[in-house]
Amino acid sequence: MIILGIASFVYYTVQFIFPSLLSLTYSIIAWNISKAVANLELLLKPANIDTLIRFLDTRKKLTEFVKEFENNFRILAFLLLWYDLVSLLKAFIMLMGLSKIHSFIAKTEAILILISSSVSFLSTVSYAAMIPEACIAMKRNLKELHQNTLRHDRDGEDSPLSGDKIKFLRLLKTVIDDEEFYLTAWGLVKISKSIILSALGALITYGILLHGLRIPF
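Predicted model, so just to flag it, every value in this text is computed and none were measured.

**Quick word on the UniProt feature "transmembrane region" (unreviewed entry) in the protein chain**
In the numbering adopted here, UniProt assigns the feature "transmembrane region" (unreviewed entry) to residues 9-33, 75-98, 110-130 and 195-213. Each end of residues 110-130 is marked by a C-alpha atom, and these two atoms are 30 Å apart; helix forms 100% of the span and strand 0%.

Rendered as structure tokens:
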């Protein structure tokens, strides 16, 4: 009885708890990074060359942190997404009656796998995708600032572009033209919300195929 209890604990820890904790940790870090990116714009108030230099310095440090996070967690992200997709396919197979196991406990387990893997997959992808979305939103606002600075006038007349203003516009343009940063799954694919639709399409396709072939598992 004790051995059965230990075995059950280990099984459910590996099946549910451990992947969920990893996904939660990854999602929290990704969410905090996206909030940090979104809050970078606050450093540009008021918008001048001094605040822009401070903005660029903070942005450089944040970029280095994101790259370090990507290097350390991209394999984990790949394994999490792969595990979630395999678990979802397994749950679909069990719920469609293709599995040789038809007990109530097996069906209940399939539903739990479906829920936990769906939440884990959606959480990992959604929060990772918030980083490039925050970058795009920031760049859109910086582009407006760039255009407004060019159109800025004093007393109703266009003001000449001073040396500081030219430097400000050039530095601002480098940020606008920079590429958005994406987290990846082992460097193989950028994590964006489009992965959700791709995964859903693949699961439905293979599910229908397996159901049509009636291949037992």
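**Considerations on helix α2 (residues 49-95)**
The sharpest bend along α2 measures roughly 50 degrees and falls at F73. Where α2 begins, the side chain of N48 points an oxygen toward the backbone nitrogen of D50, at a separation of 3.0 Å.

**Quick word on the environment of A47**
Along the polypeptide, A47 turns up in the loop between α1 (2-39) and α2. Between the C-alpha atom of A47 and that of F168, which follows or precedes it by 121 residues, the distance is 9.0 Å.

**Things to note about the environment of I33**
Considering the arrangement of structural elements, one finds I33 in helix α1. Classification of I33 as buried rests on a relative accessible area of 2%. A sequence separation of 33 residues divides I33 from V66, and the C-alpha atoms of the two residues are 7.4 Å apart. For I33, the contacting residues outside a window of four places in its chain are F65, V66, F69 and I131.

**Digging into the side chain of S192**
Along the polypeptide, S192 turns up in the loop between β4 (189-190) and α5 (194-213). The class of S192 is buried, set by a relative accessible area of 19%. A polar contact of 2.8 Å, which involves the side chain of S192, links it to the side chain of S194. When sequence neighbours within four positions are dropped, the list of residues in contact with S192 reads V125, A129 and Y182.

Conventions we followed
- Residues numbered from 1 in each chain as written.
- Predicted model: local features only at pLDDT ≥ 70, side-chain atom pairs only at ≥ 80, totals over all residues.
- Heavy atoms only, no water.
- UniProt positions renumbered as here; feature names shortened; annotations may be inferred.
- Helix = DSSP H or I, 4+ residues; strand = E, 2+ residues; numbered from the N terminus.
- Bend = angle between axes of the 7 residues up to and from the residue.
- Polar contact = N/O pair within 3.5 Å; in protein donor to acceptor, adjacent residues only side chain to side chain.
- Buried < 20%, exposed > 50% of the residue type's maximum accessible area, 1.4 Å probe, protein only.
- Contact = heavy atoms within 4.5 Å.

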